[in-house]
Structure formats: C-alpha cells, structure tokens
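Examination of the molecular architecture
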Amino acid sequence: MAERLYRYTQLCEQVLSLDEQIRFAGVISERGRLVAGGMREGVKPLEKEKDDEVLFMELALRVRMRREFDRQLGPVNFAMASRRRAITMSFRVNNDILYVAAEPDADYCNLPRMILDTMKDSSHKDHK
C-alpha cells in the first residue's frame, strides 16, 4: 500500500507539472476516497471539501458504470467534461481513478494526451 501511495503521489506531481492550467490532480479510490494528490499550491478550490467527497463518490460510480461496455467498445482511455468554471478529466489507474481539473481555457485537445503519456511513462518506470 505504501508503495502504491508513493507511485500515485509521484504521478499527481508529474501531472501538475505538465501545465500551469491544471488546478487539481488526485487519485480517487474505487470507493470514491482521495488517496493521493490534491490541489495545486496557491489555487483556491471551486467547491467545499464536503462537496469534494460527493464528487469523488459520484466519479467512482460513473467509472464503474462505464466498465459495463468495456467488452463491446474497449476500455475507456479517459472521460472529460467541459464546465463553465473548469475542465475535468478522469483516467483509470488500475482499479483507481486519476482525476484532473484544469482552468476552463486549458488546452483540452492536448492535455489528455499529455496525461496519458505521463501515465504510460510512469507505469513503465514501475516495471523497471
């Protein structure tokens, strides 16, 4: 568990370093709990901490529901929502979820690919 937490913390730090527009990078357990990462230092959260708990649980449920179609369509690479105040993205990491929130004017075309590449590089380092 400690090794997994360390890897997840490193991944979140790497994702935050990709672009100043990224506000939050955290790994959420399949039960909807934040296990690593968090808000970029100096950035004010858009929601209350209590709202985060509900958001994370809802995210975990959505990710589980999407798995229903993995056999027919293949696994989800990432999911993204564009909102007035933020762009949010989720990526599967084993049975957990990397959740990323960015400013609404972030480059939503390139950012997911950069995050996927970082995740791939990070997983290769784990196997060396």
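Notes on the structure in this doc start here. (Residues numbered from 1 in each chain as written. Predicted model: local features only at pLDDT ≥ 70, side-chain atom pairs only at ≥ 80, totals over all residues. Heavy atoms only, no water.)

**Quick word on the overall build of the protein**
When you go through the protein residue by residue, the secondary structure sums to 4 helices and 5 strands. Each helix (α) and strand (β) of the protein, taken in turn from the N terminus, gives the series α-β-β-α-α-β-β-β-α. For the protein, whose C-alpha radius of gyration is 14 Å, the value lies close to the compact-globule estimate of 14 Å for 128 residues. For the protein, the C-alpha atoms occupy an extent of roughly 35 × 30 × 30 Å along the three principal directions. Taking all 128 residues of the protein together, the buried fraction comes to 36%. Across the protein, contacts joining residues at least 24 apart in sequence account for 53% of those joining residues at least 6 apart. (Helix = DSSP H or I, 4+ residues; strand = E, 2+ residues; numbered from the N terminus. Rg over C-alpha atoms; globule rule 2.2 N^0.38 Å. Buried < 20%, exposed > 50% of the residue type's maximum accessible area, 1.4 Å probe, protein only. Contact = heavy atoms within 4.5 Å.)

**Observations regarding the layout of surface pockets**
The space that makes up the largest pocket amounts to roughly 460 Å³. Going through the elements one at a time, β1 (22–28), α2 (49–66), β3 (79–82), β4 (87–93) and β5 (96–102) are the ones with two or more residues in the lining of the largest pocket. A total of 7 residues in the lining of the largest pocket trace back to one element, the largest contributor, which is α2. Broken down by class, the residue content of the lining of the largest pocket amounts to 13 nonpolar, 2 polar and 8 charged. (1 Å grid on protein atoms, 1.4 Å probe; cavity = no way out; pocket = protein on both sides within 12 Å on 5 of 7 lines; lining within 4 Å. Points joined across faces, edges and corners; volume = space filled by probe spheres on them. Nonpolar A, V, L, I, M, F, W, Y, C, P; charged D, E, K, R; others polar.)

**Topic: the side chain of R40**
Inspection of the secondary structure assignment puts R40 in the loop between β2 (34–39) and α2. Of note is the side chain of R40, whose polar atom sits 2.7 Å from the backbone oxygen of I22. What R40 contacts, discounting residues up to four positions off in sequence, is L16, D19, E20, I22 and R23. (Polar contact = N/O pair within 3.5 Å; in protein donor to acceptor, adjacent residues only side chain to side chain.)

**Notes on the packing of aromatic side chains**
Under the defined criterion, the tally for this structure stands at 4 aromatic pairs. Every member of this aromatic cluster is reached through a ring pair, and the members are F24, F56 and Y99. (Phe/Tyr/Trp six-rings, centres within 6.5 Å; stacked < 30°, edge-to-face > 60°.)

**Some remarks on the pattern of salt bridges**
For the coordinates displayed, the defined rule picks out 5 salt bridges. A salt bridge links E3 to R7, with the nearest nitrogen and oxygen atoms 3.3 Å apart. Here R7 and E3 lie together in helix α1 (residues 2–18), a separation of 4 residues that amounts to about one turn. E3 gets classed as exposed once you look at its relative accessible area, which sits at 56%. A salt bridge links E103 to R23; the shortest N-O distance between them is 2.9 Å. (Salt bridge = Lys/Arg side-chain N within 4 Å of Asp/Glu carboxyl O.)

**Side note on the environment of A101**
Position of A101 among the secondary structure elements: in strand β5. A101 sits 70 residues away from R31 along the chain, and the two C-alpha atoms are 19 Å apart. Residues in contact with A101, not counting those within four places in the same chain, are Q21, I22, R23, F24, I87 and T88.

**Focus: empty space enclosed by the protein**
For the coordinates displayed, the defined rule picks out 1 cavity of 30 Å³ or more. Its boundaries defined by the atoms lining it, the largest cavity holds a volume of some 60 Å³. In terms of lining residues, the largest cavity is bounded by V63, R66, V76, N77, F78, A79, S90, F91 and R92. Mapped onto the lining of the largest cavity, the elements with two or more residues apiece are α2 and β4. Considering each element in turn, the lining of the largest cavity owes the most residues, 3 residues, to β4.

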